[in-house]
Amino acid sequence: MFNFILFGPPGSGKGTQSIKIAEKYNLAHISTGDIFRKNIREKTELGIKVQSIIEKGELVPDELLIDILDDAMNKYKNVKGFVFDGFPRTTQQAKDLDALLNKKADKVSLVLALEVNDDEIIGRLLKRAELEGRKDDTKDVIENRINIYNNQTQPLIDFYKDKNKFASVNGIGSIDDIFNSICDAIDPFI
Ligand code: AMP
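Undergrad: What is the right way to read the environment of Ser-109 from this model?
TA: Examined against the element boundaries, Ser-109 turns out to sit in the loop between helix H5 (91-103) and strand S4 (110-115). Assessed through its relative accessible area of 16%, Ser-109 is described here as buried. Once residues within four sequence positions are removed from consideration, Ser-109 is found in contact with Met-1, Phe-2, Asn-3, Lys-165 and Phe-189.

Undergrad: Where do I start with unusual backbone geometry in this structure?
TA: A negative phi holds for most residues other than glycine; trans holds for most peptide bonds. For the bond running from Phe-87 to Pro-88, omega is -5°, close enough to zero to count as cis. Phi at Asn-26 takes a positive value of approximately 60°, unusual for a residue other than glycine. By the secondary structure assignment, Asn-26 is in the loop between helix H1 (14-25) and strand S2 (28-31). Phi is positive for Asn-164, which is not a glycine, with a value near 55°. Secondary-structure assignment places Asn-164 in the loop between helix H8 (156-161) and strand S5 (166-170).

Undergrad: Please clarify how the packing of helix H2 (residues 32-41) against helix H3 (residues 45-55) should be interpreted in this entry.
TA: Helix-helix packing is characterised by the crossing angle of the two axes and by the distance between the axes. Put simply, H2 and H3 touch, their axes get as near as 8 Å, and they point 115° apart. As far as their axial angle goes, H3 and H2 are roughly perpendicular. Pair H2 / H3 crosses with left-handed handedness. Here H2 contributes Phe-36, Asn-39 and Ile-40 to the contact with H3, which in turn contributes Leu-46, Gly-47, Val-50, Gln-51 and Ile-54. The residue makeup of the contact of H2 with H3, split by class, is 5 nonpolar, 3 polar and no charged.

Undergrad: Just checking my understanding: could you explain helix H6 (residues 118-132) for this structure?
TA: Residues separated by three or four positions in an α-helix point in the same direction, a consequence of the helix having 3.6 residues per turn. The first and last C-alpha atoms of H6 sit 20 Å apart over 15 residues, in line with the 21 Å expected at 1.5 Å per residue. Looking one or two places after H6, you find Gly-133, whose phi comes out positive at around 65°.

Undergrad: Looking at this structure, I do not really get the site of the ligand. What am I missing?
TA: Around the ligand, a shell composed of 16 residues is seen, among which Thr-32, Arg-37, Glu-58, Arg-89 and Gln-93 lie nearest. Within the contact set of the ligand, a nitrogen atom lies 2.7 Å away from a side-chain nitrogen or oxygen of Thr-32. Contact between the ligand and Gly-86: a nitrogen atom at 2.9 Å from a main-chain N or O atom of the residue. Coverage of the ligand by the protein amounts to 96% of the 480 Å² it exposes when considered alone. In terms of residue count, the dominant contributor to the shell around the ligand is H2 (4 residues). For the shell around the ligand, a count of residues per class yields 6 nonpolar, 4 polar and 6 charged.

Undergrad: Looking at this model, I keep getting lost on the nonpolar core. Mind explaining?
TA: One broad trend across soluble globular proteins is that nonpolar side chains are buried collectively. The biggest cluster of nonpolar side chains holds 32 residues, and the ones touching the most others in it are Phe-36, Leu-69, Met-73, Phe-84, Leu-97 and Tyr-160. Ranked by the residues each element gives to this core, the list is headed by helix H4 (residues 62-74), at 6 residues. If we skip the residues at most four places from it in the chain, Phe-84 touches Asn-3, Phe-4, Ile-5, Leu-6, Ile-30, Leu-69, Met-73 and Leu-97. Core analysis: the next-biggest nonpolar cluster, separate from the first, contains 18 residues, Leu-112, Ile-178, Cys-183 and Ala-185 among them.

Undergrad: Any chance you could explain the pattern of salt bridges here in plain terms?
TA: Pairs can form between side chains of opposite charge once their charged atoms are near each other. The final tally for this structure, using the stated rule, is 10 salt bridges. Across the pair Arg-124 and Glu-120 runs a salt bridge whose closest N-O atoms are separated by 2.9 Å. Of this pair, Arg-124 and Glu-120 both sit in helix H6, 4 residues apart, which is roughly one turn of that helix. The exposure class of Glu-120 is partly exposed, given its relative accessible area of 28%. Here the salt bridges do not stand alone but share partners, grouping Arg-128, Asp-136, Asp-137 and Arg-145 into one network.

Undergrad: Whenever I open this one, the side chain of Ser-18 confuses me. Can you help?
TA: Topologically, Ser-18 is positioned in helix H1. In this structure the side chain of Ser-18 is engaged in a polar contact, spanning 2.6 Å, whose partner is the backbone oxygen of Lys-14. Discounting chain neighbours no more than four positions away, the residues touching Ser-18 are Leu-6, His-29, Val-83 and Asp-85.

Cut-offs and rules
- Residues numbered from 1 in each chain as written.
- Predicted model: local features only at pLDDT ≥ 70, side-chain atom pairs only at ≥ 80, totals over all residues.
- Heavy atoms only, no water.
- Helix = DSSP H or I, 4+ residues; strand = E, 2+ residues; numbered from the N terminus.
- Buried < 20%, exposed > 50% of the residue type's maximum accessible area, 1.4 Å probe, protein only.
- Contact = heavy atoms within 4.5 Å.
- Axes fitted to C-alpha atoms, helices over the stretch in contact; angles between N-to-C directions.
- Parallel < 35°, antiparallel > 145°, perpendicular 65-115°, else oblique.
- Left-handed = near helix turned anticlockwise from the far one by under 90°.
- Nonpolar A, V, L, I, M, F, W, Y, C, P; charged D, E, K, R; others polar.
- Expected span 1.5 Å × (residues − 1).
- Near = heavy atom within 4 Å.
- Polar contact = N/O pair within 3.5 Å; in protein donor to acceptor, adjacent residues only side chain to side chain.
- Areas by Shrake-Rupley, 256 points an atom, 1.4 Å probe, with all protein chains shown as cover.
- Core = buried A, V, L, I, M, F, W, Y, C linked by side-chain atoms within 4.5 Å.
- Salt bridge = Lys/Arg side-chain N within 4 Å of Asp/Glu carboxyl O.

Printed below as a string of structure tokens:
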């Protein structure tokens, strides 16, 4: 199995690139943000629980994530692996993911970060707010999400660097150019 984590700040293009990667390498795409948004739309128990957290740009508590991820993975049979988009976001989640994969006699294959600076991200997210109307794309919430990323998610880079599973690519440029750089980073591992 090729278990790939696409890592990067909000607005770095993780969603767009994850879909392309999943298609090209025949992997299942799992976006925890998409799972939460679907639950909010459908007003499920989980959706009601997480709605206000997500609208404030905060992180859903770690203990809720791993079961959601396990369920999402179990829906796929006979895939060559997974693209995790937006997960893990904390060191605890990364440890929980290792434990879950370990139970399945599997492991994280590669973590790739999209590098995009804060100014570019804020501009992109404000534009996305106009186009998609996501409730967590307002200026205050965007700042909160970037701070949370820097404080809670960024430290994960060291977690994976220590395991020699980490690479990064420039996340600024055309979608196709960035995709090609991502493929160049993946190909030696797959
Ligand atoms: P995303 O679409 O990945 O930007 O996720 C949207 C929002 O969902 C985030 O701002 C968080 O509130 C929540 N979320 C998604 N994935 C996670 C995660 N792995 N841990 C905690 N919260 C998450």
